[in-house]
Amino acid sequence: MEKTVIVGGSHAAIGLAARLRTLDPEAEITIISSDPEIPYHRPPLSKAYMSGKSTLDQILLRPESWFEDNRIILKRGEFAAAIDRRGKTVSLSGGEAISYDHLVLATGARPRRLPEEIGGHLPNVYTMRDLADANLLMKEMKEGRRLVVIGGGYIGLEAASEARKKGVEVTVLEAAERILRRVAAAQTADDIRALHQAHGVTIIENVKISRITQDDGLANGVAVEGGEVIPADFILTGIGVFPDTALAANAGLLVDNGIVVDEYLRTEDPAIFAAGDCAAFPYKDNRIRLESVQNANDQGALVAANIAGQNLAYRPVPWFWSDQYDLKLQIAGLNTGYDAVLTRAGPREGAHSHFYFRGDELLAADCLNDAATYMLTRKILESGKNLTKAQVANPDFVLKSALT
């Protein structure tokens, strides 16, 4: 009976365990999760859970009984302290050592924090990554209070949306020349900026933070270059994440903006795989990480198949989504390296999509309340077919015909 140990308790880990149990009914599977809770969906934390539309029970990845029913050992609130690659064991912070035949590192990513010297350590300066973060923010979000969001990425903007729904006054500060600079075209950023401004959010771009001001040990504002202080009752920092690679690096595995894996998601040690936000894998001519649920789920399932001997390569067509107010943004593909963006109206009023191209190659599309275009674009990308600039620019062209 082979033993698989999974370090991490989120989407990649649970998807892997579920798939491996199907492929190998006799495998011994252990999940080591530092989170004290039963594993849960992360995306709803800044969306439906924070809005009160979903309870914790409703966002669990699996009910507690599922682990027992499927003979999967879940060690909650446990930290993997070290890997002995020669002895094939994982040591836990409490002193226990667990042996493995296959080890999977699904350690995810950690939020970046502001430096302590400028006030990043203050107790009402939050990040948004796990259930504890969401619960703390929910307690703060009361009508009339003031929130400053530092960072104009999707996590910060989603939190801003939920705060405004609760009557919180919101200011978003972005250091770059515009929001969503790293992940989206100016056209998408313009749409989302206008959406937030229509809901009363103040967005200040191209602004540098000097420090967080405080009173009696609590943050009470954000000082920016030029001397202005923006008052705040609480602060959310959404300035990105970094892959959690310490365990891998300490075990001598190759790390380069993530745990380096091959196309089969194996590290340089054939007994050790990595999956999810922490894995740096080959994609086209680059090595990338993807921070998405789809990527975590798909990589987990693929690692399970490879542990079971199928030897499958990972060939993703990435997709993402974001919910803000009444907007559902759905993203098909990966826009890295684009040199042109074309906008096309969708079939419903107000729906539209921004298509990313490199030359005449379709890379991705941002679809705003445009689910039909999103699904067709995904199918086109997954099929290996192409949609040209001329076709997108022609309002009479039927996108579905690109699949024939």
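Residues numbered from 1 in each chain as written. Predicted model: local features only at pLDDT ≥ 70, side-chain atom pairs only at ≥ 80, totals over all residues. Heavy atoms only, no water.

A. Spatial organisation of helix α7 (residues 186-198). The first and last C-alpha atoms of α7 sit 18 Å apart over 13 residues, in line with the 18 Å expected at 1.5 Å per residue. Within α7 the residues assigned to the buried category are T188, A189, I192, R193, L195 and H196. Seen along its axis, α7 keeps its buried residues to an arc of 160°; they face one direction. Those residues of α7 hidden inside the fold are in contact with α6 (154-165), β12 (202-205), β22 (319-324), β23 (327-333), β25 (352-358) and β26 (361-368). Trailing α7 by a residue or two, G200 shows a phi angle of about 90°, which is positive. (Helix = DSSP H or I, 4+ residues; strand = E, 2+ residues; numbered from the N terminus. Expected span 1.5 Å × (residues − 1). Buried < 20%, exposed > 50% of the residue type's maximum accessible area, 1.4 Å probe, protein only. Arc of directions from axis to C-beta. Contact = heavy atoms within 4.5 Å.)

B. Spatial organisation of the packing of helix α1 (residues 11-23) against helix α9 (residues 293-307). At their nearest, the axes of α1 and α9 sit 7 Å apart, and the two run at 35° to each other. By crossing handedness, the relation of α1 to α9 is classed as right-handed. Between α1, through H11, A12, L16, R19, L20 and L23, and α9, the contact on the second element is made entirely by V293, A296, N297, G300, A301, V303, A304, A305 and I307. Within the contact of α1 with α9, the residues separate by chemical class into eleven nonpolar, three polar and one charged. (Axes fitted to C-alpha atoms, helices over the stretch in contact; angles between N-to-C directions. Left-handed = near helix turned anticlockwise from the far one by under 90°. Nonpolar A, V, L, I, M, F, W, Y, C, P; charged D, E, K, R; others polar.)

C. Seen up close, the pairing of strand β1 (residues 3-7). Buried residues dominate β1, accounting for four of its five residues. Traced from β1 through α1 to strand β2 (residues 28-33), the parallel crossover comes out right-handed. (Right-handed = clockwise from strand over helix to strand, strands pointing away.)

D. Up close: the side chain of D133. Among the secondary structure elements, D133 is positioned in helix α5 (residues 131-140). Lacking a salt bridge, the buried D133 has R113 as its closest oppositely charged neighbour, with an N-O distance of 5.1 Å. For D133, the side chain forms a polar contact with the main-chain nitrogen of R129, separated by 2.9 Å. Not counting residues up to four positions away in its chain, the partners in contact with D133 are T127 and M128. (Lys, Arg positive; Asp, Glu negative; His and termini not counted. Salt bridge = Lys/Arg side-chain N within 4 Å of Asp/Glu carboxyl O. Polar contact = N/O pair within 3.5 Å; in protein donor to acceptor, adjacent residues only side chain to side chain.)

E. Broad picture of the sheet that holds strand β19 (residues 272-274). Taken together, five strands build an open sheet; the order of strands is β3-β2-β1-β7-β19 and the sheet is parallel. Each having just a single partner strand, β3 (72-76) and β19 make up the two edges of the open sheet. Taking the axes of each pair of neighbouring strands and ignoring which way they run, one obtains an average angle of 15° across the sheet. Summarising the sheet, β1 and strand β7 (residues 102-105) pair through four bridges and their orientation is parallel. (Pairing = 2+ DSSP bridges.)

F. The arrangement of the pairing of strand β20 (residues 279-283) in detail. A large share of β20 lies buried, amounting to four of its five residues. With two bridges joining them, strand β18 (residues 259-260) and β20 adopt parallel strand pairing. Bridging across to β20, V260 finds its partner in A280. Note that β20 and strand β21 (residues 286-288) share three bridges and pair antiparallel. Along β21, the bridge assignment pairs Y283 with N286.

G. Highlighting α1. A rise of 1.5 Å per residue sets the reference length of α1, with its 13 residues, at 18 Å; its end C-alpha atoms lie 18 Å apart and thus fit the reference within 8%. Among all positions of α1, only H11, A12, A13, I14, L16, A17, A18, L20 and R21 are buried. Contacts made by the buried residues of α1 are with β1, β2, α4 (64-69), β3, β7 and α9.

H. Up close: the packing of aromatic side chains. Enumeration over the complete set of coordinates arrives at four aromatic pairs. Summarising the aromatic geometry, the rings of W66 and F67 are spaced 5.0 Å apart at their centres and angled 85° between planes, so their arrangement reads as edge-to-face. Look at W66 and you get buried, because its relative accessible area is 14%. (Phe/Tyr/Trp six-rings, centres within 6.5 Å; stacked < 30°, edge-to-face > 60°.)

I. Highlighting the environment of D298. The topology assignment puts D298 in helix α9. As for D298 and R113, which are separated by 185 residues in sequence, their C-alpha atoms are 29 Å apart.

J. Region of the structure containing unusual backbone geometry. In the Ramachandran plot, D216 falls in the positive-phi region, its phi being about 55° despite a non-glycine side chain. A positive phi is found at K284, a non-glycine position, where the angle reads about 55°.

K. Broad picture of the sheet that holds β18. If you walk across this open sheet you meet the three strands as β18-β20-β21, and the pairing is mixed. Two strands in the sheet have a free side with no partner beyond their single neighbour: β18 and β21.

L. Looking closely at the pattern of salt bridges. All chains considered together, the criterion is met by 17 salt bridges. For the salt bridge of K75 with E96, the shortest nitrogen-to-oxygen distance reads 3.3 Å. A residue pair is termed long-range when its members are at least 10 positions apart, and K75 in strand β3 and E96 in the loop between β5 (89-92) and β6 (97-99) qualify at 21 residues. For R110, the salt bridge identified is with D244, shortest N-O distance 2.8 Å. In this pair, R110 is assigned in strand β8 (residues 109-111) and D244 in the loop between β17 (241-243) and α8 (246-250), connecting sequence segments 134 residues apart.

M. Quick look at the packing of α6 against α7. The N-to-C vectors of α6 and α7 enclose an angle of 25°; their axes lie 11 Å apart at closest approach. On the basis of their axis angle, the class for α6 and α7 is roughly parallel. For the crossing formed where α6 meets α7, the hand is left-handed. In contact with Y154, L157, A160 and S161 of α6, α7 contributes T188, I192 and H196. For the contact of α6 with α7, the residue count by class is four nonpolar, three polar and no charged. (Parallel < 35°, antiparallel > 145°, perpendicular 65-115°, else oblique.)

N. Expanded view of the environment of R266. In this fold, R266 is placed in the loop between β18 and β19. Considering only alpha carbons, one finds R266 and F281, 15 residues apart in sequence, at a separation of 9.3 Å. Setting aside its immediate chain neighbours within four residues, R266 contacts V260, V261, I272, F273, N306 and N311. Among the polar contacts listed, one links the side chain of R266 to the side chain of N311, at a separation of 3.4 Å.

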